[in-house]
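Observations on the model geometry
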Amino acid sequence: MLKWALIFLVISLISGFLGFSGVSAATAGIAKILFFLFLVIFLVFLVLALMAGSAIM
């Protein structure tokens, strides 16, 4: 998911540089959504791993 967020970010930067502001804004929005979704999933799994690690000890 982070890979897709970075791909959309690069597309956004290139399209913004070439003057396609509508495409740039749309892809930047998609990249932002994917990044925050990745961050939430990462934090959930981090908390689950810490809880599972403390349950074993």
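Quick caveat, the model's predicted, so the values are computed rather than measured. (Residues numbered from 1 in each chain as written. Predicted model: local features only at pLDDT ≥ 70, side-chain atom pairs only at ≥ 80, totals over all residues. Heavy atoms only, no water.)

In this structure's numbering, the residues bearing the UniProt feature "transmembrane region" (unreviewed entry) are residues 35-56. What you have in residues 35-56 is 100% helix and 0% strand, and the ends, taken at the C-alpha atoms, are 32 Å apart. (UniProt positions renumbered as here; feature names shortened; annotations may be inferred. Helix = DSSP H or I, 4+ residues; strand = E, 2+ residues; numbered from the N terminus.)

Right, let's talk about the packing of helix α1 (residues 2-18) against helix α2 (residues 21-56) for a bit. Two packed helices can be described by the angle between their axes and the distance between those axes. Between α1 and α2, the least distance of the axes is 8 Å, while the angle of their chain directions is 160°. The angle between α1 and α2 falls in the class roughly antiparallel. In the crossing of α1 with α2, the sense of the turn from one axis to the other is left-handed. On α2, the residues that touch Leu2, Trp4, Ala5, Phe8, Leu9, Ile11, Ser12, Ser15 and Gly16 of α1 are Val23, Ser24, Thr27, Ala28, Ile30, Ala31, Leu34, Phe35 and Phe38. Here the residues of the contact of α1 with α2 sort into 13 nonpolar, five polar and no charged. (Axes fitted to C-alpha atoms, helices over the stretch in contact; angles between N-to-C directions. Parallel < 35°, antiparallel > 145°, perpendicular 65-115°, else oblique. Left-handed = near helix turned anticlockwise from the far one by under 90°. Contact = heavy atoms within 4.5 Å. Nonpolar A, V, L, I, M, F, W, Y, C, P; charged D, E, K, R; others polar.)

Mapping Ser15 onto the fold places it in helix α1. At a separation of 3.4 Å, a polar atom in the side chain of Ser15 contacts the main-chain amide nitrogen of Ser24. Here Ser15 is in contact with Phe20, Val23, Ser24 and Thr27, once residues within four sequence places are set aside. (Polar contact = N/O pair within 3.5 Å; in protein donor to acceptor, adjacent residues only side chain to side chain.)

Let us look at the packing of aromatic side chains. This model, assessed by the stated rule, comprises three aromatic pairs. Geometrically, the ring pair formed by Phe35 and Phe36 is edge-to-face, given 5.6 Å between the ring centres and 65° between the ring planes. In this structure Phe35 comes out as partly exposed when scored by relative accessible area, which is 36%. Between Phe38 and Phe42, the ring centres sit 6.3 Å apart and the planes meet at 20°, which makes this aromatic pair stacked. On the criterion of helical spacing, the pair formed by Phe38 and Phe42 is a turn pair, its members being four residues apart in helix α2. (Phe/Tyr/Trp six-rings, centres within 6.5 Å; stacked < 30°, edge-to-face > 60°. Buried < 20%, exposed > 50% of the residue type's maximum accessible area, 1.4 Å probe, protein only.)

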